[in-house]
Amino acid sequence: MSILVLAPLVLVVNGLAAGVLVGTQLGGWPLLQALPPGRYVHAHAFFATRYDPFMPACLLATITGDVVLALADGDARAARALYVVAALAAAATVTISLIKNVPVNRWIRQLDPDRLPPDFTRQDPRPAWGRWNRIRTWLAVCALIANGAALSVQM
């Protein structure tokens, strides 16, 4: 696959993943934050099942494409460096997702919103989940910016 085909494709899948995360920050997260515990658990469990495997597949395609583009023959050193930055930012997004967000999503899906643990307010994952979601959103957007810059440098 040529660089002129692969680079825009990577930009698209990266943009889709970043868009999902930005959409979550703008709409999903404020809703989840405002809900009482039982309704929060119900809504979070609903959202958590909607983005898999779409977003992870987009991020993995981004990383793979960026690595291929960074290793491709060519004189565009700046583009290659930007593809490395994008791959690292996308990989960091995946890492945060796997270590911080996915375990919470799994736990929330196991809870019965009508029978929450007595100490749920102490265990409420929203503050930490929201913080990590914000970080991974910024990382996915940074990867998108780096991919866009790399593509513009190549042209």
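What counts and what doesn't
- Residues numbered from 1 in each chain as written.
- Predicted model: local features only at pLDDT ≥ 70, side-chain atom pairs only at ≥ 80, totals over all residues.
- Heavy atoms only, no water.
- Helix = DSSP H or I, 4+ residues; strand = E, 2+ residues; numbered from the N terminus.
- Expected span 1.5 Å × (residues − 1).
- Contact = heavy atoms within 4.5 Å.
- Patch = residues over 30% accessible without salt bridge, like charges linked within 9 Å, V, L, I, M, F, W, Y side chains within 5 Å.
- Areas by Shrake-Rupley, 256 points an atom, 1.4 Å probe, with all protein chains shown as cover.
- Salt bridge = Lys/Arg side-chain N within 4 Å of Asp/Glu carboxyl O.
- Core = buried A, V, L, I, M, F, W, Y, C linked by side-chain atoms within 4.5 Å.
- Buried < 20%, exposed > 50% of the residue type's maximum accessible area, 1.4 Å probe, protein only.
- Axes fitted to C-alpha atoms, helices over the stretch in contact; angles between N-to-C directions.
- Parallel < 35°, antiparallel > 145°, perpendicular 65-115°, else oblique.
- Left-handed = near helix turned anticlockwise from the far one by under 90°.
- Nonpolar A, V, L, I, M, F, W, Y, C, P; charged D, E, K, R; others polar.
- Phe/Tyr/Trp six-rings, centres within 6.5 Å; stacked < 30°, edge-to-face > 60°.
- Lys NZ or Arg CZ within 6 Å of the ring centre and 35° of its normal.

Caption draft 1: Broad picture of helix 3 (residues 54–71). Taking 1.5 Å per residue, 18 residues should reach 26 Å; helix 3 reaches 26 Å between its end C-alpha atoms and fits that length. Those residues of helix 3 that are buried lie in contact with helix 1 (3–34), helix 4 (77–110) and helix 6 (126–154).

Caption draft 2: Summary view of a nonpolar patch on the surface. Taken together, the side chains of Met1, Val5 and Leu9 present a nonpolar region at the surface, about 330 Å² in accessible area. For valine 5, the location among the structural elements is in helix 1.

Caption draft 3: Structural view of the nonpolar core. Counting residues in hydrophobic clusters, the biggest one holds 17 residues, and the most contacted among them are Ala17, Met55, Leu59, Ala90 and Ala143. Mapped onto this core, the elements with two or more residues apiece are helix 1, helix 3, helix 4 and helix 6. Broken down by element, the residue count for this core peaks at 5 residues, all from helix 1. Discounting residues that sit within four places of it in the chain, alanine 17 has contacts with Met55, Cys58 and Leu59. Core analysis: the second largest hydrophobic core is formed by 12 residues, Val41, Ala43, Ile108 and Trp129 among them.

Caption draft 4: The arrangement of the packing of helix 2 (residues 37–48) against helix 4 in detail. For the pair helix 2 and helix 4, interaxial distance at closest approach is 9 Å and the crossing angle is 125 degrees. One finds that helix 2 runs oblique with respect to helix 4. Our pair here, helix 2 against helix 4, has a crossing hand that is left-handed. The residues of helix 4 that touch helix 2, namely those facing Tyr40, Val41, His44, Ala45 and Ala48, are Val104, Asn105, Ile108 and Arg109. Taken together, the residues that form the contact of helix 2 with helix 4 break down as 6 nonpolar, 2 polar and 1 charged.

Caption draft 5: Inspection of the packing of helix 4 against helix 6 at higher detail. Helix 6 packs onto helix 4 with a crossing angle of 160 degrees between their chain directions and a minimal axis gap of 8 Å. One finds that helix 4 runs roughly antiparallel with respect to helix 6. Two packed elements cross with a definite hand, and for helix 4 against helix 6 that hand is left-handed. Split by residue class, the contact of helix 4 with helix 6 holds 22 nonpolar, 7 polar and 2 charged.

Caption draft 6: Main features of the packing of aromatic side chains. Overall, the coordinates contain 4 aromatic pairs when judged by the stated rule. Aromatic side chains phenylalanine 46 and phenylalanine 47 sit 6.0 Å apart centroid to centroid with 65 degrees between the ring planes, which places their arrangement in the edge-to-face category. With centroids separated by 5.9 Å and ring planes inclined at 10 degrees, the aromatic side chains of tryptophan 107 and phenylalanine 120 adopt a geometry described as stacked. Linking tryptophan 107 in helix 4 with phenylalanine 120 in helix 5 (residues 120–123), this pair joins segments that are 13 residues apart in sequence. For tryptophan 107, a relative accessible area of 24% corresponds to the partly exposed category. Given a relative accessible area of 3%, phenylalanine 120 falls into the buried group. An aromatic cluster of three or more residues is present, and its members are Tyr40, Trp107 and Phe120. The lysine or arginine in question, arginine 126, covers the ring of tyrosine 40, its NZ or CZ lying 4.2 Å from the ring centre.

Caption draft 7: Structural view of the pattern of salt bridges. The tally for this structure, following the rule as stated, stands at 3 salt bridges. Among the ionic pairs, aspartate 112 bridges to arginine 115, the shortest N-O distance being 3.0 Å. A relative accessible area of 29% places aspartate 112 in the partly exposed class. A salt bridge links arginine 126 to aspartate 124; the shortest N-O distance between them is 2.7 Å. The pair arginine 126 / aspartate 124 is uniform in exposure class, with both members buried.

Just distances and angles here, no functional claims.
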